[in-house]
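Here's the letter readout for the chains.
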Number of protein chains: 2
Amino acid sequence: MQSNADKYFVTVDAVVFTILDKQLKILLIKRKNDPFRGSYALPGGFVEEKENLEDAAKRELEEETGVKNIYLKKLVAFGNVGRDPRGRVITIPYLALIAADDIKLHATTDAELAKWHSVYDLPKLAFDHDKIIEEALRELRFELEHSNIAYQFMPEKFTLTELQKAYETILNKGLDKRNFRKKMKELGFLTSYRERKMEGAHRPAQLHGYKDKRYRRIG
Amino acid sequence: MQSNADKYFVTVDAVVFTILDKQLKILLIKRKNDPFRGSYALPGGFVEEKENLEDAAKRELEEETGVKNIYLKKLVAFGNVGRDPRGRVITIPYLALIAADDIKLHATTDAELAKWHSVYDLPKLAFDHDKIIEEALRELRFELEHSNIAYQFMPEKFTLTELQKAYETILNKGLDKRNFRKKMKELGFLTSYRERKMEGAHRPAQLHGYKDKRYRRIG
DNA sequence: CCAAAAGTGTTAGTGATACACCCATGT
DNA sequence: ACATGGGTGTATCACTAACACTTTTGG
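Since the model is a prediction, treat every value here as computed from it, not as a measurement. Along each chain, residues carry numbers from 1 onward, in the same order as the chain's sequence is written. By the order in which they are written, chains take letters starting at A while ligands take numbers starting at 1. Two thresholds apply to this predicted model, a pLDDT of at least 70 for residue-level local features and 80 or more for giving and counting side-chain atom pairs, whereas whole-chain, interface and lining totals are computed over all residues. Calculated side-chain values reflect all of the structure's heavy atoms, with hydrogen atoms and water omitted.

Peer 1: Got a sec to walk through the protein's contact with DNA strand C? Specific residues and values, please.
Peer 2: Inspection of the region around DNA strand C gives 20 residues, with A:N179, B:T161, B:K177, B:R181 and B:Q206 positioned closest. Taken together, the sugar and phosphate atoms account for 41% of what DNA strand C places within 4 Å of the protein. Taking A:H202, its main chain carries an N or O atom lying 3.1 Å from a base oxygen of DNA strand C. N or O atoms within 3.5 Å of each other form a polar contact, as long as, within protein, one can give a hydrogen and the other can take it, and as long as residues adjacent in sequence are counted only when both atoms are side-chain atoms. Take B:R181: an N or O atom from its side chain is 2.5 Å from a phosphate oxygen of DNA strand C. Where helices and strands are cited, they refer to DSSP runs of H or I of at least four residues and of E of at least two residues respectively, numbered from the N terminus. With 4 residues, the single largest contributor to the surface near DNA strand C is helix α4 (residues 177–187) of chain B. Of the residues in the surface near DNA strand C, the class split is 5 nonpolar, 6 polar and 9 charged. Residues are labelled near a given molecule or strand when at least one of their non-hydrogen atoms is within 4 Å of it. Under this grouping Gly is polar, as are all residues other than the nonpolar Ala, Val, Leu, Ile, Met, Phe, Trp, Tyr, Cys and Pro and the charged Asp, Glu, Lys and Arg.

Okay, here's the thing in structure tokens:
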């Protein structure tokens, strides 16, 4: 192979969203090595020699959050010259969604403990991770309205109001209750349980769940 | 940087579509070196050391077709183990559209002359280029209905019927004439010239053109 | 006057949006 | 009885899809 090996590094980054404290949050680690020591960055790391890209993303994610068996969506790569001062680094970002209760965050070797940050109040970020996040957020919103991925955010059983809150948090806008419920009903992703949620001084809410927890596109 | 350099190769591939002989065609080169000697493949090549990804795609494209200043859209990277027997190769494919009359195809060093192939009748392809093409075609169709990219396929002046034919060819389905024209009118991308096209024994057609030849998203 | 493609409007259906009241419960 | 969130239906609007006839030209 004429040409250009031993010049490139290939990494995967995970853009992990969750909903916590009624806010859309993203998982960031604080870098403890240069470059960008002390800055926040997306969790990620090098792709190993005999490892597929998605497997690498899954591995990194499991190392840092303990979560596995998750739906990941590949985003477009970032690889311009100068995005990493150490050399030529191409990164393939993956979008991941998790339910906040599922996880316990871990520290890793070149990162401090991973922490959740509100998407609307992010710290200074290392590399071009701000652009990657912007792209991922666009993608997340698109998917939310064109698939059943919201199941990734939700617990086993939830009320329709809780689901609507999740949508509103992600889209960052209010939705009409009746239209939302109508839409969910006709999409047919949900099943309703006999149980109800009794809590507070008001009418108890019907519990719902996703029929199958696999990615399904609308259309 | 602890870790994994000198194991990766990074390439860009161009998925170039055009309309020729009333068919949607894609540009392929016939490989004259191993691996996959004699198979067809997407034009592409290695990203140079100090070269941005999109610049690399533009350079490859210009080398093989002579076309420049073209809108390119980055697609998701392919980089699984084993996709190239020579080593670990990550490729970033770019979608490109050109008007068939604009180009003269060139031969390159490790490829024979580039040729157009009907999208619905492709030969055996090298690597995982069949999957890349599938993805690119999906993206092309999406963009066609959500932007003004069709301008890339069209000459300076054209009739609405010609434009409709282009849409039909790409989408591989028939469209209603009145609805199509109404849609084009209200999108407002087009301008109409005073001139008409006189050709054949029938009413002459009004000529149209794109107001500005820059990518514009609908919405 | 015939053939061939250009050009043009209306109707019906479907999905999105906007909107207001009654229900079941705990206190 | 009241406060709280749960639950429901209808009218309007915008967009899409279906559909047929007249016009202009060359031969």
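Resuming the write-up.
Peer 1: Account for the protein's contact with DNA strand D, with residues named and values stated.
Peer 2: Around DNA strand D, a shell composed of 20 residues is seen, among which A:K177, A:R181, A:H202, A:Q206 and B:R203 lie nearest. The sugar-phosphate share of atoms of DNA strand D within 4 Å of the protein amounts to 39%. At 3.0 Å from a base nitrogen of DNA strand D is found a side-chain nitrogen or oxygen belonging to B:N179. Contact distances for DNA strand D include 3.3 Å between a base nitrogen and a side-chain N or O atom of B:K182. When residues of the surface near DNA strand D are traced back to their parent elements, those giving at least two are α4 (177–187) and β9 (205–210) of chain A together with α4 of chain B. Among the elements that take part in the surface near DNA strand D, α4(A) stands out by supplying 4 residues, more than any other.

Peer 1: Please give an account of helix α2 (residues 129–146) of chain A that cites residues and values.
Peer 2: Every α-helix winds through 3.6 residues per turn, so residues three or four apart in the chain are directed the same way. Residue and element names in this part refer to chain A. In this model α2 runs 25 Å from its N-terminal to its C-terminal C-alpha over 18 residues, within 8% of the 26 Å that 1.5 Å per residue would give. Whether a residue is buried, partly exposed or exposed follows from its accessible area with a 1.4 Å probe, protein chains only, as a fraction of its type maximum: under 20%, in between, or over 50%, in that order. Among the residues of α2, H129, I132, I133, A136, L137, E139, L140, E143 and L144 are the ones counted as buried. Against β1 (8–20), β2 (23–30), β3 (40–41), β5 (72–74), β6 (88–97) and α3 (160–171) lie the buried residues of α2. A helix's residues, less one, multiplied by 1.5 Å, set its expected span. Whether two residues touch is decided by their heavy atoms; if any such pair falls within 4.5 Å, the residues are in contact.

Peer 1: Now, about the relation of the copies chain B and chain A: what can you tell me, with residues and values included?
Peer 2: Residues below a pLDDT of 70 in either copy are left out; the C-alpha atoms of the rest, at least 70 in both, set the least-squares superposition of the copies. Note on the identical chains: chain B maps onto chain A by a rotation of 180 degrees and an axial translation of 0.0 Å, with an RMSD of 0.1 Å. Look at the turn and shift together and you get a two-fold axis relating the two. A share of 100% of the interface residues of chain B reappears at the interface of chain A, consistent with the copies meeting face to face through the same patch.

Peer 1: Can you break down the packing of aromatic side chains residue by residue, with the values?
Peer 2: Pairing of aromatic rings covers Phe, Tyr and Trp, the last through its six-membered ring, and needs centres within 6.5 Å; plane angles under 30 degrees mean stacked, over 60 mean edge-to-face, and all others mean tilted. If you walk through the whole model with that rule in mind, you get 13 aromatic pairs over all chains. On the numbers, 6.3 Å between centres and 55 degrees between planes, the contact of B:F9 with B:F46 is tilted. Highlighted residues: B:F9 in strand β1 (residues 8–20) and B:F46 in strand β4 (residues 44–46), separated in sequence by 37 residues. Residue classification places B:F9 among the buried residues on the basis of a relative accessible area of 11%. An aromatic cluster of three or more residues is present, and its members are A:Y151, A:F158 and A:Y210. In our convention, an over-ring charge means Lys NZ or Arg CZ found within 6 Å of a ring centre and within 35 degrees of that ring's normal. Cation over ring: B:K157 sits above B:Y193, and NZ or CZ is 4.5 Å from the ring centre.

Peer 1: Got a sec to walk through the pattern of salt bridges? Specific residues and values, please.
Peer 2: Residue and element names in this part refer to chain A. By convention in these notes, a salt bridge is any Lys or Arg side-chain nitrogen within 4 Å of a carboxyl oxygen on Asp or Glu. Evaluation of the coordinates by the stated rule reveals 31 salt bridges over all chains. Its salt-bridge partner being D212, residue R214 comes within 3.9 Å of it at the nearest N-O pair. By relative accessible area, which is 51% here, R214 ends up exposed. What emerges from the salt-bridge pattern is a single network uniting E48, E51, R59, E60 and E63.

Peer 1: Summarise the interface of chain B and chain A; cite the residues concerned and give the values.
Peer 2: With 32 residues of chain B at the interface, the matching set in chain A holds 32 residues. Approximately 3,000 Å² of surface area, both sides summed, lies buried where chain B meets chain A, with 64% of it carried by carbon and sulfur atoms. The interface formed by chain B and chain A contains 0 salt bridges. At the boundary of chain B with chain A, the tally comes to 16 residue pairs in polar contact (both at pLDDT 80 or more). For the side of chain B that touches chain A, the secondary-structure elements that each account for two or more residues are β1 and β6 (88–97) of chain B. Broken down by class, the residue content of the side of chain B that touches chain A amounts to 16 nonpolar, 6 polar and 10 charged. Each of two parts loses accessible area, computed with a 1.4 Å probe, when they are put together; buried area is these two losses added.

Peer 1: Would you mind going over the side chain of B:Q164 in detail, with residue names and values included?
Peer 2: All names here are of chain B. Within the fold, Q164 resides in helix α3 (residues 160–171). In terms of polar contacts, Q164 uses its side chain to reach the backbone carbonyl oxygen of L175, at 2.9 Å. Beyond its immediate stretch of four places on either side in the chain, Q164 contacts L175, D176, K177 and F180.

Just geometry here; none of it tells us what the structure is for.
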